Amino acid sequence: MQTHMTTARKAAQWDAQTTGSQPLGGDVCPPTDKGADMNKNTKTFDRVMARLKAQVGPEVFTSWFGRLKLQSASKSVVRLSVPTAFLKSWINNKYLDQISALFREEDADILKVEIVVRSATRANRQPPAIGTENPANSAAAQPIAAAARKDQHLSVKGAGAHLSSFQKGPQAANNVIGSPLDPRYTFESYVEGSSNRVALAAAKTIAEAGTGAVRFNPLFIHSNVGLGKTHLLQAIAAAASRHARNPRVVYLTAEYFMWRFATAIRDNDALSFKESLRNIDLLVIDDMQFLQGKSIQHEFCHLLNMLLDSARQVVVAADRAPWELESLDPRVRSRLQGGVAIEIEAPDFEMRLEMLRQRLAIAQIEDGTLDIGEDILAHVAQNITSSGRELEGAFNQLLFRRSFEPNLTLERVDQLLGHLVNAGEPKRVRIEDIQRVVSRHYNVSRQELVSDRRTRVIVKPRQIAMYLAKTMTPRSFPEIGRRFGGRDHTTVLHAVRKIEELINSDTKLGHEIELLKRLIIE
């Protein structure tokens, strides 16, 4: 038993050192008596991974297979492991036949390939740099403890939260450290719909895990402004902090992280700041697109690597997908792409109407006489479509006006909210909107759309997306090329001319393009 545990610890340590840096290396099970067979299986796995990478392209391989590992192999069955159920489902649905065929080509005795989910657990003993021992108890850590005591006077925007309190203890238990949380932002008040259901499910899974096994790491949530990212992130932090295991939770905006790090450097307190961030269980970072500065991004990269390699959970949100955060250090961007990215889309009519009903119910708790008709709520939900934030603004306008105009009509509502309604003005189209609509229409992923793959099922949607990006946005050829996997501007020019020629000769394609334009604008 002891020998088995020692072997498992060594395997876990080796796995932590190599995760993310060896996309083709296959982690194997603890050594057995059949060392020669295991060596043979490992070499077979490596050859299959090399061939798979050549077939799907390096970007798709890194995104979906970078953390695929060899778990076990018998004479006829190979078991491969991935860190999340999402990856297992995706690979089973999209690539299992392809992987199975490659294994059979390498070894005709292999009859079956299975994908299983491995659990990410922490070693029983923490590395010295992130040990759970209180620095104040160690003579070597006295300067850090002194700096921490000095930092007790620093509050966060008036809230009673201190970065010096990151060490887990009686006072820190069940508290969220860092930027203040809005008490309204909970899972209970979050309106669920088809546009955010996947993101909400992932968020609840993380909040319920406490200090347990990591399921999605890092989880990256992105959307346009006003669609509920901040609400969801704060709900994760609030729910996780109430977990029975008392996890150490830190919620920060990117701007606050930048300010706090700059302040720590100015006060010669950077060491204390870094140490306090190392001993946490869950890090939640909002507005990642605002993280600027080479030295700050470099420090955040070290923090991110340390937390992920130690099986600590990280949740990040931004207004665009990780591969579109061009201002970020490539190493940070790569790490963020190594997890699961989920997009929250604009709410549909039912969601918008439910948001207004919920807002009205809250307002009626304060004023029992308040009443706004269902027809008015439905009218507002039908016409205010861009974001939940504008919907909230519209409701507040109605609330204010009703205090001296108790009998509001639909015509009067239109007059009051006309500035919030998209009255025939063309929608500002983004390249990511085009990529999302085109990839969904042609049943390919956005990752494949910007990858190096040149198969017909990918090339046609990619060229159409480039054509739409040029005709529907003011972006230049070089900028469009950068948004499509760093392609040269001549590639974009060729795609635009190609689609223009096809539209003139292919009526069906012309109708497809018009349909895509309507979907993008809507």
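Numbering of residues begins from 1 in every chain and follows the order in which that chain's sequence is written. Selection of residues for local features in this predicted model requires a pLDDT of at least 70, selection of side-chain atom pairs for listing and counting requires 80 or more, and totals for whole chains, interfaces and linings are taken over all residues. In computing side-chain values, all of the structure's heavy atoms are included and hydrogens and water are not.

It is worth spelling out the side chain of E299 at this point. Put simply, DSSP H or I for four residues or longer makes a helix, DSSP E for two residues or longer makes a strand, and each gets a number counted from the N terminus. Position of E299 relative to the elements: it lies in helix 11 (residues 294–309). Exposure categories follow from relative accessible area, calculated using a 1.4 Å probe and restricted to protein chains: below 20% of the type maximum is buried, above 50% is exposed, and the middle band is partly exposed. E299 sits in the buried class, given a relative accessible area of 15%. Any two residues having at least one pair of non-hydrogen atoms within 4.5 Å are treated as being in contact. Sequence-distant contacts of E299, that is, excluding residues within four places in its chain, are made with F261 and K274.

What follows covers unusual backbone geometry. The backbone phi angle of D287 is positive, close to 55 degrees, even though this residue is not glycine. Looking at the secondary structure, you find D287 in the loop between strand 7 (282–286) and helix 11. Judged by relative accessible area, D287 falls into the partly exposed class, the value being 22%. For N443, which is not glycine, the phi dihedral falls at a positive 60 degrees. Take N443: it is sitting in the loop between helix 17 (431–441) and helix 18 (446–449).

In this model helix 21 (residues 489–505) runs 25 Å from its N-terminal to its C-terminal C-alpha over 17 residues, within 8% of the 24 Å that 1.5 Å per residue would give. Three or more residues of helix 21 are buried, namely V492, A495, V496 and I499. The buried residues of helix 21 all sit within an arc of 95 degrees when viewed along its axis, so they share a single face. Turned more than 90 degrees away from the buried face of helix 21 sit R497, E501, N504 and S505, all of them exposed. In this scheme, a helix's expected span is set at 1.5 Å multiplied by one less than its residue total. The directions from the helix axis to the C-beta atoms form the arc being described.

Looking now at the sheet that holds strand 2 (residues 77–82). Two orientations exist for strands paired in a sheet by backbone hydrogen bonds: parallel and antiparallel. If you walk across this open sheet you meet the 3 strands as 1-2-3, and the pairing is mixed. Sheet topology places strand 1 (69–73) and strand 3 (112–117) at the edges, where each strand pairs with a single neighbour. Each strand of the sheet is rotated relative to its neighbour by a mean of 30 degrees, with strand direction disregarded. Two strands pair when backbone bridges link them, and strand 2 and strand 3 are joined in this way by 6 bridges, in the parallel orientation. Directly across from V82, in strand 3, lies its bridge partner V117. Note on pairing: DSSP must find at least two bridges between two strands before they are called paired. For helices, the fitted axis covers only the stretch in contact; all axes are lines through C-alpha atoms, and the angles between them, taken along N-to-C directions, range from 0 to 180 degrees.

What follows covers the packing of aromatic side chains. A pair of Phe, Tyr and Trp rings is counted when the ring centres sit within 6.5 Å of each other, with Trp represented by its six-membered ring. The angle between the planes then sorts it: under 30 degrees is stacked, over 60 is edge-to-face, the rest tilted. One pass over the full model with this rule turns up 5 aromatic pairs. Ring geometry for F257 and F300: centres 5.6 Å apart, planes at 80 degrees, overall edge-to-face. Here the residue F257 occupies a position in helix 9 (residues 254–266), and F300 occupies one in helix 11, the gap between them amounting to 43 residues. When its relative accessible area of 2% is taken as the criterion, F257 is described as buried. Classification of F300 as buried rests on a relative accessible area of 1%. Each member of the aromatic cluster is reached from another via a ring pair, and the members are F61, F65 and Y95.

Burial of strand 6 (residues 249–253) is extensive: 5 of the 5 residues sit out of reach of the surface. Of the two faces of strand 6, the one holding V249, Y251 and T253 and the one holding V250 and L252 are both buried throughout. Pairing between strand 6 and strand 7: 5 bridges, direction parallel. Note on strand 7: the bridge partner recorded for Y251 is V284.

Let us look at the nonpolar core. One finds F257, M288, L291 and F300 to be the most contacted residues of the largest nonpolar core, which totals 32 residues. Those elements giving two or more residues to this core turn out to be strand 6, helix 9, helix 10 (270–278), strand 7, helix 11, strand 8 (313–318) and helix 12 (330–337). Top element by residues in this core is helix 11. It accounts for 8 residues. When sequence neighbours within four positions are dropped, the list of residues in contact with M288 reads A254, F300, V316, A317, A318, L325, L328 and L336. Buried Ala, Val, Leu, Ile, Met, Phe, Trp, Tyr and Cys residues that are joined via side-chain atoms within 4.5 Å together make up what is termed a nonpolar core. Judged by nonpolar contacts, the second largest core, of 28 residues, contains Y190, A199, L232 and L282.

A carboxyl oxygen of Asp or Glu within 4 Å of a side-chain nitrogen of Lys or Arg is what we treat as a salt bridge. Following the criterion strictly, the structure yields 26 salt bridges and no others. Across the pair E114 and R79 runs a salt bridge, and its minimum N-O distance is 2.9 Å. On the criterion of sequence distance, the pair formed by E114 in strand 3 and R79 in strand 2 is long-range, its members being 35 residues apart. Note on E114: relative accessible area 21%, which makes it partly exposed.

By the secondary structure assignment, Q447 is in helix 18. Those residues in contact with Q447 that lie beyond four places of it in its chain are S63, W323 and Q337.

The next subject is the packing of helix 19 (residues 456–472) against helix 21. Direction vectors running N to C along helix 19 and helix 21 enclose 95 degrees, while the axes themselves pass 8 Å from each other. Relative to helix 21, the element helix 19 is oriented roughly perpendicular. Along the contact surface, helix 19 presents Q463, I464, M466, Y467 and K470, while helix 21 presents T491, V492, H494, A495, V496, K498, I499, E500 and I503. Residues are grouped as follows: nonpolar covers Ala, Val, Leu, Ile, Met, Phe, Trp, Tyr, Cys and Pro; charged covers Asp, Glu, Lys and Arg; every other residue, Gly included, is treated as polar. Among the residues making up the contact of helix 19 with helix 21, the classes are represented as 8 nonpolar, 3 polar and 3 charged. Comment on the angle field: the value is read as roughly parallel under 35 degrees, roughly antiparallel over 145, roughly perpendicular from 65 to 115, and oblique elsewhere.

Moving on to the confidence of the model for the protein chain. Regions with low pLDDT carry predicted coordinates that are not meant to be interpreted in detail. How sure the predictor is of each residue is captured by pLDDT, a score from 0 to 100. Across the protein chain, the average pLDDT comes to 76, with 79% of residues at 70 or higher. Note on residues 1–34: pLDDT is under 50 here. Beyond four places in sequence and across chains, it has 31 contacts. Residue range residues 120–174 is modelled with pLDDT below 50. Its contacts to residues more than four positions away, or to other chains, number 87 contacts.

Let's shift gears to the packing of helix 13 (residues 349–366) against helix 14 (residues 374–383). Running from amino to carboxyl end, helix 13 crosses helix 14 at an angle of 130 degrees, the nearest separation of the two axes being 9 Å. By the angle between their axes, helix 13 is oblique relative to helix 14. Where helix 13 crosses over helix 14, the two elements pack in a sense that is right-handed. Two secondary-structure elements touch here, helix 13 through F349, R352, L353, L356, R357 and L360 and helix 14 through E374, L377, A378, V380, A381 and Q382. Taken together, the residues of the contact of helix 13 with helix 14 break down into 8 nonpolar, 1 polar and 3 charged. Should the near helix be turned anticlockwise from the far one by less than a right angle, the crossing is left-handed, and should it be turned clockwise, the crossing is right-handed.

Let's shift gears to helix 8 (residues 229–241). In this model, helix 8 (13 residues) spans 19 Å end to end at C-alpha, consistent with the 18 Å of a helix rising 1.5 Å per residue. Of all 13 residues in helix 8, 12 are buried, a share of seventy percent or more. Along helix 8, the residues that are buried comprise K229, H231, L232, L233, Q234, A235, I236, A237, A238, A239, A240 and S241.

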